[in-house]
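# Notes for the structure review
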Amino acid sequence: MAQSKKIVIIGSGAAAYTAAIYAARANLDPLVFGGVALGGQLMITSDVENFPGFPEPVNGPELMERMKKQVERLGVAIVNEYAVKVDFSRRPFVVETTEATVASAQAVIVATGANAKWLGIESEKRLMGHGVSACATCDGFFFKKKEVLVVGGGDTALEEANFLANFASSVKIVHRRDELRGSKIMQDRARKNPKISFVWDSVVDEILGSDQVEGARLNNLKTGAKTDLKCDGVFMAIGHQPTTAFLGGQLKLDENGYIVADDRTRTSVEGVFAAGDVMDARYRQAVTAAGSGCKAALEAERWLAEKGLH
């Protein structure tokens, strides 16, 4: 028998937890399907210095644990199961998990985030948070006067490189082709920056270092030549994959798979709201995710009240 709830929140990052806090304080008795690996992208982030309220850096997992405890203190049930199927074609909506847990809900907030695309090599995973990152805005500050690599050739890579140039002594963009895919304005900006240079036709075979990034082994795809390049950090900028496959095409997505939502977090299905990185390909910050989680919960509360379902 399905649990019956006014609101179900899918996800467990900053957006989902913030939505749960606001929903709980509105007496909506939310249910959170958070998945097995709670915490979202901040679980693979080391020091966080740009989240308000922390005068000293806070470890990413610690920040998410604090959010989780705040949610639990408000009496919110967090189910450690992934949502694998939804039915938004009828009301109440239905959400089903990997463990066959089923919940019906009058409103749903989707806050499942987006995962950075990685190279998939062992050294990348081992040194994640120790010089390997997928977020220049999050970690660039830690690379003042250091040498860094950016892997990619699109707008994301060019934006990351330009941002990192504010801190690093040098930024090398490693691209597998001999021409960039990014927009002309971003290409021009990167080419004009004296700190930014390019390594063409190359991929990263291995990231060097035992406890901290010390360099990268590059493979030239045209010549087959292997080169060890000294650096202090490697930033992956080959895109993000929003977690939307479980939706089964029931919400409108953009060309990159992100949920299309308006500035009030409303999706293409009335009563379904979206928050955080699953609908935000631009900012991808903990604080913006939290802000959209707040908006989603407030909008869901108002919508339920308008429908006489609060």
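Look a little higher up for the structure.
Residues numbered from 1 in each chain as written. Predicted model: local features only at pLDDT ≥ 70, side-chain atom pairs only at ≥ 80, totals over all residues. Heavy atoms only, no water.

### Concerning the overall build of the chain
A tally of regular secondary structure across the chain gives seven helices and 19 strands. Here the C-alpha atoms of the chain give a radius of gyration of 21 Å, agreeing with the 19 Å that 2.2 N^0.38 yields for 310 residues. Over its C-alpha atoms, taken along the principal directions, the chain stretches across nearly 65 × 40 × 35 Å. Scored against the burial criterion, the 310 residues of the chain give a buried share of 51%. If you sum the accessible surface of the chain, you get close to 14,800 Å²; carbon and sulfur atoms cover 49% of it. One finds the centroid of the 37 positive side-chain charges in the chain at a distance of 3 Å from the centroid of its 38 negative side-chain charges. (Helix = DSSP H or I, 4+ residues; strand = E, 2+ residues; numbered from the N terminus. Rg over C-alpha atoms; globule rule 2.2 N^0.38 Å. Buried < 20%, exposed > 50% of the residue type's maximum accessible area, 1.4 Å probe, protein only. Areas by Shrake-Rupley, 256 points an atom, 1.4 Å probe, with all protein chains shown as cover. Lys, Arg positive; Asp, Glu negative; His and termini not counted. Charge placed at Lys NZ, Arg CZ, Asp CG, Glu CD.)

### Re the packing of aromatic side chains
By the definition in use, this model includes seven aromatic pairs. On the numbers, 5.3 Å between centres and 80° between planes, the contact of Phe-88 with Phe-93 is edge-to-face. On the accessibility criterion, Phe-88 (6% relative accessible area) is buried. We classify Phe-93 as buried; its relative accessible area is 1%. (Phe/Tyr/Trp six-rings, centres within 6.5 Å; stacked < 30°, edge-to-face > 60°.)

### A closer look at the nonpolar core
Grouped together as the largest cluster of nonpolar side chains are 38 residues, with contacts concentrated most on Ile-7, Ile-9, Tyr-17, Leu-63, Met-67, Val-71 and Ile-109. Elements supplying a minimum of two residues to this core: β1 (3-10), α1 (14-25), α2 (60-73), β8 (102-110) and α7 (286-306). Considering every element that reaches this core, the biggest residue donor is α1, with nine residues. Aside from chain neighbours lying at most four places away, what touches Ile-9 is Ala-16, Ala-19, Ala-20, Pro-30, Leu-31, Val-32, Phe-33 and Ile-109. (Core = buried A, V, L, I, M, F, W, Y, C linked by side-chain atoms within 4.5 Å. Contact = heavy atoms within 4.5 Å.)

Shape is all these values report; function is a separate question.
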